[in-house]
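Chain residues, written in single-letter form:
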Amino acid sequence: DLCTIIQFKNALMQPDIYLRRYAALRFEPDTFTVTKYFAECRADYYGKPVMVYAPITPLSMKMATRAVGVLPKHSDLIGMLRIFPEEMLCAGMDIYRCSLIVESLPIGTLLTEALHTHLRSNLITGMEALREHLREQGVSINHLHPDNIIVDSKYRWHVIRPYYTSEDIGNDDETFDKLLELIDRYAISDLY
């Protein structure tokens, strides 16, 4: 259940031919990227922002399936991954179908940008609320990174790409410490 990067790009450029449920998907070409496990991009699906992930290694779907089983079912701060089996048509030497993973995105600003445009106190409040939320949910996310966090208009932090979620508490303390260092270094001071 995996595809090549080229097969994924072809499907994104012609979703009405290559995709089943997501034939109306419109992807943003400048957001296309490849990570260790997935080819991914941001897209628009009937006016709603989503991330679409295609499995490119044998471990990809195992990782996505494990994350779906661990992620809290009712969290507005942690992205929910949905696996769509046989969603994408893959053409090459053989013709087959592979799964895609889709995540709805909240409206907001990536922490990467918010670090330079938001007040330090607002970012710390959002970070501490997320840390408390993760503890309440009984999970840790070790892969928290400014590119994996969206800050909304109320300064709440939303985790996207939650593949590295584990069922334990406190394994992300070091990651939160690093995020605090970034806030201290780059965020706008509350004392102008």
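Definitions and limits used
Residues numbered from 1 in each chain as written. Predicted model: local features only at pLDDT ≥ 70, side-chain atom pairs only at ≥ 80, totals over all residues. Heavy atoms only, no water. Helix = DSSP H or I, 4+ residues; strand = E, 2+ residues; numbered from the N terminus. Buried < 20%, exposed > 50% of the residue type's maximum accessible area, 1.4 Å probe, protein only. Areas by Shrake-Rupley, 256 points an atom, 1.4 Å probe, with all protein chains shown as cover. Lys, Arg positive; Asp, Glu negative; His and termini not counted. Charge placed at Lys NZ, Arg CZ, Asp CG, Glu CD. Polar contact = N/O pair within 3.5 Å; in protein donor to acceptor, adjacent residues only side chain to side chain. Pairing = 2+ DSSP bridges. Contact = heavy atoms within 4.5 Å. Axes fitted to C-alpha atoms, helices over the stretch in contact; angles between N-to-C directions. Phe/Tyr/Trp six-rings, centres within 6.5 Å; stacked < 30°, edge-to-face > 60°. Lys NZ or Arg CZ within 6 Å of the ring centre and 35° of its normal. Core = buried A, V, L, I, M, F, W, Y, C linked by side-chain atoms within 4.5 Å.

Right, let's talk about the overall build of the protein for a bit. Each helix and strand counted, the protein has 6 helices and 11 strands in total. For the C-alpha atoms alone, the extent of the protein along its principal axes is close to 60 × 35 × 25 Å. The buried share of the protein, reckoned over its 192 residues, is 46%. Looking at the protein as shown, the accessible area adds up to about 10100 Å², and 54% of this sits on carbon and sulfur atoms. Here the protein contributes 20 positive and 26 negative side-chain charges, whose respective centroids are spaced 4 Å apart.

Another point: the side chain of Arg 161. Its location among the elements puts Arg 161 in the loop between strand E10 (157-159) and strand E11 (165-166). At 2.6 Å, the side chain of Arg 161 and the side chain of Glu 40 are in polar contact.

A few words on unusual backbone geometry. Positive phi is not limited to glycine here, since Tyr 155 has a value of about 70°. Given the relative accessible area of 33%, Tyr 155 is considered partly exposed. One non-glycine residue, Arg 161, adopts positive backbone phi at about 50°.

Right, let's talk about the sheet that holds E10 for a bit. Strand order across the open sheet formed by 3 strands is E7-E9-E10, with antiparallel pairing between neighbours. Edge positions in the open sheet fall to strand E7 (109-110) and E10, since each of these has one partner strand only. Summarising the sheet, E7 and strand E9 (residues 149-151) pair through 2 bridges and their orientation is antiparallel. For Thr 109, the partnering residue across the bridge sits in E9 and is Val 151. Contacts between helix H5 (residues 120-137) and the sheet are confined to E9 and E10, with E10 contributing the most and set at about 45° to the helix.

On inspection of all chains with the given rule, the structure shows 7 aromatic pairs. Summarising the aromatic geometry, the rings of Phe 8 and Phe 32 are spaced 5.8 Å apart at their centres and angled 35° between planes, so their arrangement reads as tilted. Placement of Phe 8 in helix H1 (residues 5-13) and of Phe 32 in the loop between strand E1 (26-27) and strand E2 (33-34) is noted, with a sequence separation of 24 residues between them. An identical accessibility class is assigned to Phe 8 and Phe 32; each is buried. Taken together, a centroid distance of 5.9 Å and an interplanar angle of 65° make the contact between Phe 38 and Tyr 53 edge-to-face. Of this pair, Phe 38 sits in strand E3 (residues 38-45) while Tyr 53 sits in strand E4 (residues 48-55), placing them 15 residues apart in sequence. Geometry around Phe 32 places Lys 9 over its ring, the cationic atom sitting 4.8 Å from the centre.

Here we take up the nonpolar core. Most often, soluble globular proteins keep nonpolar side chains buried together rather than apart. Counting 37 residues, the largest nonpolar core has Leu 111, Leu 123, Leu 134, Leu 144, Trp 157, Leu 179 and Ile 183 as the members making the most contacts within it. Once residues lying within four places of it in the same chain are set aside, the contact partners of Leu 134 are Ile 78, Val 139, Ile 141, Leu 144, Asp 172 and Phe 176. By size, the runner-up hydrophobic cluster in this structure holds 23 residues, among which are Cys 3, Leu 12, Tyr 18 and Cys 98.

Direction of pairing for E4 relative to strand E6 (residues 95-104): antiparallel, over a ladder of 4 bridges. What sits directly across from Met 51, in E6, is Glu 103. Across 8 bridges, strand E5 (residues 81-91) lies against E6 in antiparallel orientation. Directly across from Ile 83, in E6, lies its bridge partner Ile 101. The antiparallel pairing of E5 with E6 creates a hairpin that spans 3 residues between the two strands.

Since the α-helix advances by 3.6 residues per turn, residues separated by three or four positions end up pointing in the same direction. Every buried residue belonging to helix H3 (residues 60-70) is among Ser 60, Met 61, Met 63, Ala 64, Ala 67 and Val 70, and all of these are buried. Elements in contact with the buried residues of H3: E3, E4, E5, E6 and E11.

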